[in-house]
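An overview of the molecular structure
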Amino acid sequence: MRRKRKNTHTPEAHNTSAPYAPAPVVHLEKTPTHIRGLDEILEGGLPRSRTTVVNGASGSGKTLLGLEFLYRGALHGEPGIFIGFEEPPGQIRQNAATLGWDLPALEEQNRLFLLDARLKPETLRSGNFSLKGLLAIAAGKCRTMGARRIVIDALEVALRLFDTPRQVRNELHALNDWLQAAGLTTILTFRPSLRGEASIYEDFFESMGDCIIAMDARVTEQISTRRLRVVKYRGSGFGRNEYPYVISHTGLRMAAITSVGLRHKPLGEKISTGNARMDEILDGGYRRGSCILLAGLPGAGKTTLAATFVASACARGERVLYISFEESDAAMVNNMLSTGVVLQPHIEAGRLAFLTRYPESLGAEEHYFAALERIEAFSPAHVVVDAISACHRMGGKQAAFEYLMRLLNACKERGITIMLLNQITGATSYMEISGNEISSMVDTAIFLHYEFSLGETNRVFQVLKSRGSRHSNQKREFRLTDNGFEVVDVYLGEGDVLTGTARQRQEERDLLESQRLAYEIEMKELELKRLRLIQEQMHKARARRAAMAHPEKPSLFDAPPSPENPRS
Amino acid sequence: MKTHNISSRDDRPGGDHAVYRFRLFVAGDEPNSRKARATLDRLLATHLHGRFELEVVDVFVDYQAAIEHRIIVVPTLLIESPPPPRTIVGSLDDPAPLLTTLGLSNGGQHS
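For clarity, every value in this text was computed on a predicted model and none was experimentally measured.

What to know about the overall build of chain A
Helix and strand counts for chain A stand at 17 helices and 23 strands. Sorting the 568 residues of chain A into buried and exposed places 50% on the buried side. In chain A, the proportion of contacts linking residues at least 24 apart, taken out of those at least 6 apart, comes to 70%. When the accessible surface of chain A is totalled, it reaches about 27,200 Å², and 53% of it is carbon and sulfur.

Now the structure itself:
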């Protein structure tokens, strides 16, 4: 007893002098986790020298969160201790190595300690015991390493050793007292019981935490989605949404989306579409930092139009990231060669990069974070997504919507132009053209489709929307030639008006159509006139009837003539 | 209490008698640890008549030994010899598991 006390009161334990009773006036100090995105959600980090409880089912990544907290802490000068009741250290080291974390190096430098706290399987029990062995090890290690952080992983496994709730409470009290005295920033992880049987101590367990984080991994449409939620944070604000997270190749990654839309950069100057005629139609081109939607049937020329833009941007020395969900970069580059758009030199010059993945290969979060990582590493001026219609294959409509919204926000916050290609199926409602309910985010929408005429199929496009600029709504014909995207005047042009039979016919058809429309309008107007006349007659007849039935008193059932009533 | 309280009353392996080697991990003199020690001392005296080695380790003094032997709960008794090594945790209120493990359950007293 005496010795124990002596040991816990060595100079390193000076933190005990801090007031651990609730001190509302004192500004809450925080310890950054250095986990990407998490500190933003936690508005700075975890409560310093206090306990955070992380709960989640197995596979939710709570162990990883604890470990990354220690790993990044160790890299930032805060040594830490990991106590694992479930996983052997060897396995933890291996898992960490796949994320590029060299734990053995940190262990050698005394910046990290992994304690194997699994109970030996052949253990017999007789009488009462406590977790003091664990505390002794933690205290001893804490002293020699100067530890600032501690993670106790799968604590419920240890608590299962105890038979009564009273014992469990005593153990948790002892642990809590020690943690507070040691002044360690703590993460306790536990898996909530499925059957609710262990809820006797879970309440107490959670009451130990000044901050509670719930992690959740769900599988919807065969693709897993992970969500993190801060349930409570004593004395601090925090993001209250459910935040998606992924286990990326360097660790956990999450995105705070509380600030959606607030940090969008204003649209920039006009930049060329890569096609002089198209620039004219769009009154100078696309806007830098805007969202451009190219929608159309398969083969309508979306990719060519996008590639035209890509090539011209790269030629100006700007960087472009091309996210492709269908084609490999090599196939895409090759296909574009046939339309005269040369991309290979730009790839070689490091101005054009591809991110190609099948939508099914990952969940929406992983897709988003993969894109974000490339955007951050590559700093493109423009991003192309080919095609957003494939996004639902990441795990449903909602997943696709979230992916696109996040990606759009990420681009708009950085002033990056984002060009979305959308393959539509035939119907041409604007909703389908924009797809995924993102139409409000779209600044410029161009619709490419076919017009069929006798023996010929002509490509046409139409600018449906172009925010912040004058533009022509006129339908235009275009061709995909050896020299790329070529705009042709459909109805009125200078020089080649009457060259193509199809155009001629189209013009005729248009004339017919306008005649038909004029006729229709005339018919409608006549119909309207007729209806008005009938109404007028009915009104007069009614008034006459009323006057005949009750010469002095108008009937209740007959509307008294009033100025608001149907006008003549 | 000493750091390594080795109560070694070795009988010099005299051929037909097995040598028992124990390591008991305690936490200072907290009740469970005290109880375990007392029970163990009594049982060993009764049944093994000095044919054993016992090392008592206070985890708050030698936490390295606790790490080495993965001592999470105390008291923990390690039976290191005769093989195979076995572990009994707790205050040893019930001596039966220990005696059974050592093959001494016949020894007259029971509780």
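Overview of the overall build of chain B
Per the secondary structure count, chain B includes 3 helices and 5 strands. The N-to-C order of helical and strand elements in chain B reads β-β-α-β-α-β-β-α. Relative to its full complement of 111 residues, chain B shows a buried share of 55%. Sequence separation of at least 24 residues holds for 71% of the intrachain contacts in chain B that already meet a minimum separation of 6. Carbon and sulfur atoms provide 51% of the accessible area of chain B, an area that totals close to 5,000 Å².

Considerations on the interface of chain A and chain B
Accessible area lost during the coming together of the parts is what is often quoted as the interface size. Counting residues at the interface gives 32 residues for chain A, matched by 32 residues for chain B. Carbon and sulfur atoms make up 60% of the area that chain A and chain B hide from each other, which totals about 2,800 Å². The interface formed by chain A and chain B includes 1 salt bridge. Between Arg70 of chain B and Asp116 of chain A there is a salt bridge, with its nearest N and O atoms 3.4 Å apart. Where chain A packs against chain B, one counts 15 residue pairs in polar contact (both at pLDDT 80 or more). Where the side of chain A that touches chain B is concerned, the elements lending two or more residues are α1 (2-8), β5 (112-116), β6 (123-125) and α6 (132-145) of chain A. Top contributing element to the side of chain A that touches chain B by residue count: α6 of chain A, with 9 residues. Its residues placed into classes, the side of chain A that touches chain B shows 13 nonpolar, 9 polar and 10 charged. Pairing of β6 of chain A with strand β5 (residues 86-89) of chain B involves 3 bridges; the strand directions are parallel. Along β5 of chain B, the bridge assignment pairs Arg125 of chain A with Val89 of chain B.

Some remarks on a nonpolar patch on the surface
Together, Leu528, Leu531, Ile534 and Met538 of chain A line one region of the surface with nonpolar side chains, adding up to about 350 Å² of accessible area. Take Met538 of chain A: it is sitting in helix α17 (residues 501-549).

As for the pairing of strand β7 (residues 149-153) of chain A
All names here are of chain A. Within β7, 5 of the 5 residues are buried, leaving the element largely enclosed by the surrounding structure. Residues of β7 alternate between two faces, with Arg149, Val151 and Asp153 on one and Ile150 and Ile152 on the opposite face, all of them buried. Bridge analysis of strand β4 (residues 80-84) against β7 gives 5 bridges, and the strand direction is parallel. Bridge pairing in β7 places Phe82 opposite Val151.

A look at the nonpolar core
All names here are of chain A. In terms of nonpolar packing, the biggest core is built from 54 residues, with Ile83, Phe85 and Leu155 touching the most fellow members. Considering every element that reaches this core, the biggest residue donor is α6, with 8 residues. Those residues in contact with Leu155, other than ones at most four positions away along the chain, are Phe85, Leu172, Leu175, Leu188, Thr189 and Phe205.

Quick look at helix α15 (residues 397-414) of chain A
Given 3.6 residues per turn, any residue in an α-helix points the same way as the ones three and four places further on. Residue and element names in this part refer to chain A. With 18 residues, α15 should cover 26 Å at 1.5 Å per step; its first-to-last C-alpha distance of 26 Å lies within 8% of that length. Along α15, the residues that are buried comprise Ala399, Ala400, Glu402, Tyr403, Leu404, Arg406, Leu407, Leu408, Asn409, Ala410, Cys411 and Lys412. One or two residues past the end of α15 sits Gly415, with phi positive at roughly 70°.

Brief notes about the pairing of strand β18 (residues 382-386) of chain A
Residues and elements named next belong to chain A. Most of β18 is tucked away, with 5 of its 5 residues classed as buried. Burial along β18 is two-sided: the residues His382, Val384 and Asp386 and Val383 and Val385 are all buried. Of the pairings in the sheet, the one linking strand β16 (residues 320-324) to β18 comprises 5 bridges and is parallel in character. Note that in β18 the partner of Leu321 across the bridge is Val383. As paired strands, β18 and strand β19 (residues 417-423) are joined by 5 bridges and run parallel to one another. From the neighbouring strand, Val383 faces β19, where its bridge partner is Ile418.

With respect to the state of the cysteines
Residue and element names in this part refer to chain A. By the definition in use, this model includes 0 disulfides over all chains. A disulfide-free cysteine, Cys411 has its sulfur positioned 8.7 Å from the sulfur of Cys291, the nearest such atom. Looking at Cys411, the relative accessible area reads 0%, which means it is buried.

Observations regarding helix α1 (residues 31-47) of chain B
Taking 1.5 Å as the rise per residue, α1 of chain B with 17 residues should run 24 Å; its terminal C-alpha atoms sit 24 Å apart, in good agreement. Taken residue by residue, α1 of chain B has Asn32, Ser33, Ala36, Arg37, Thr39, Leu40, Leu43, Leu44 and His47 of chain B as its buried positions.

A few points about the pattern of salt bridges
Residues and elements named next belong to chain A. In this structure the tally under the stated criterion is 29 salt bridges over all chains. One salt bridge in this structure joins Arg72 and Glu68, with 2.7 Å as the shortest N-O distance. Placement of both Arg72 and Glu68 in helix α3 (residues 62-75) is noted, with a separation of 4 residues, approximately one turn of the helix. Judged by its relative accessible area of 17%, Arg72 is buried. With a closest N to O distance of 3.2 Å, Arg414 and Glu376 form a salt bridge. Here Glu376 lies in helix α14 (residues 364-378) and Arg414 lies in helix α15, a separation of 38 residues in the sequence. Its relative accessible area of 33% is what places Arg414 among the partly exposed residues.

Focus: unusual backbone geometry
Val74 of chain B connects to Pro75 of chain B through a cis peptide bond whose omega is -5°. Among the secondary structure elements, Pro75 of chain B is positioned in the loop between α2 (63-68) and β4 (76-81). Each neighbour pair has its own omega, and for Ser81 of chain B with Pro82 of chain B the value is 5°, a cis peptide bond. Here Pro82 of chain B lies in the loop between β4 and β5. Within the chain, Ser49 of chain A stands out as a residue other than glycine whose phi angle is a positive 60°.

A closer look at the packing of aromatic side chains
Residues and elements named next belong to chain A. As enumerated under the stated definition, the model contains 11 aromatic pairs over all chains in all. Centre to centre, the rings of Phe325 and Tyr403 are 6.0 Å apart; their planes meet at 65°, and the pair counts as edge-to-face. With Phe325 in the loop between β16 and α12 (329-337) and Tyr403 in helix α15, the pair connects residues that are 78 residues apart, well separated along the chain. Residue Phe325 is classed as buried on the basis of its relative accessible area of 2%. Of the residues examined, Tyr403 reaches a relative accessible area of 2% and is grouped as buried.

Cut-off values and rules
For every chain, the first residue of its written sequence is number 1, and the numbers climb from 1 along that sequence. For this description, chains carry letters from A and ligands carry numbers from 1, given in the order in which they are written. Per-residue local features of the predicted model are confined to residues with pLDDT of at least 70, and side-chain atom pairs are confined, for both listing and counting, to 80 or more; whole-chain, interface and lining totals are unaffected and use all residues. Water and hydrogen atoms were dropped before computing side-chain values, which therefore reflect all heavy atoms in the structure. The secondary structure listing takes helices from DSSP runs of H or I that are at least 4 residues long and strands from runs of E that are at least 2 residues long, numbered from the N terminus. Between buried and exposed lies partly exposed: a residue is buried under 20% and exposed over 50% of the maximum accessible area for its type, with that area taken using a 1.4 Å probe on protein chains only. Two residues form a contact once any of their heavy atoms are found within 4.5 Å. Computed by Shrake-Rupley with a 1.4 Å probe, the accessible areas treat only the displayed protein chains as cover when residues are assessed. Buried area is a sum: the accessible area each of two parts loses on coming together, probed at 1.4 Å, counted once for each and added. Here a salt bridge means any side-chain nitrogen of Lys or Arg lying within 4 Å of a carboxyl oxygen belonging to Asp or Glu. Residues adjacent in sequence count toward polar contacts only when both atoms are side-chain atoms; beyond that, a polar contact is any pair of N or O atoms within 3.5 Å, and within protein one must be able to donate a hydrogen and the other to accept it. Any residue that is not Ala, Val, Leu, Ile, Met, Phe, Trp, Tyr, Cys, Pro, Asp, Glu, Lys or Arg is counted as polar, Gly included; the first ten are nonpolar and the last four charged. Two strands are counted as paired when DSSP detects at least two bridges linking them. Exposure above 30% relative accessible area and the absence of a salt bridge qualify a residue for a patch, where like charges join within 9 Å and nonpolar side chains (Val, Leu, Ile, Met, Phe, Trp, Tyr) within 5 Å. Take the buried residues of types Ala, Val, Leu, Ile, Met, Phe, Trp, Tyr and Cys, join any two whose side-chain atoms come within 4.5 Å, and each joined set is a nonpolar core. Under the convention used throughout, the expected extent of a helix is 1.5 Å for every residue step, that is, one less than its residue count. Two cysteine sulfurs form what is called a disulfide whenever their separation falls within 2.5 Å. Within 6.5 Å between ring centres, the rings of Phe, Tyr and Trp (the latter by its six-membered ring) count as paired, and their orientation is classed by plane angle as stacked under 30 degrees, edge-to-face over 60, tilted in between.

Any functional reading would require information that these geometric values do not contain.
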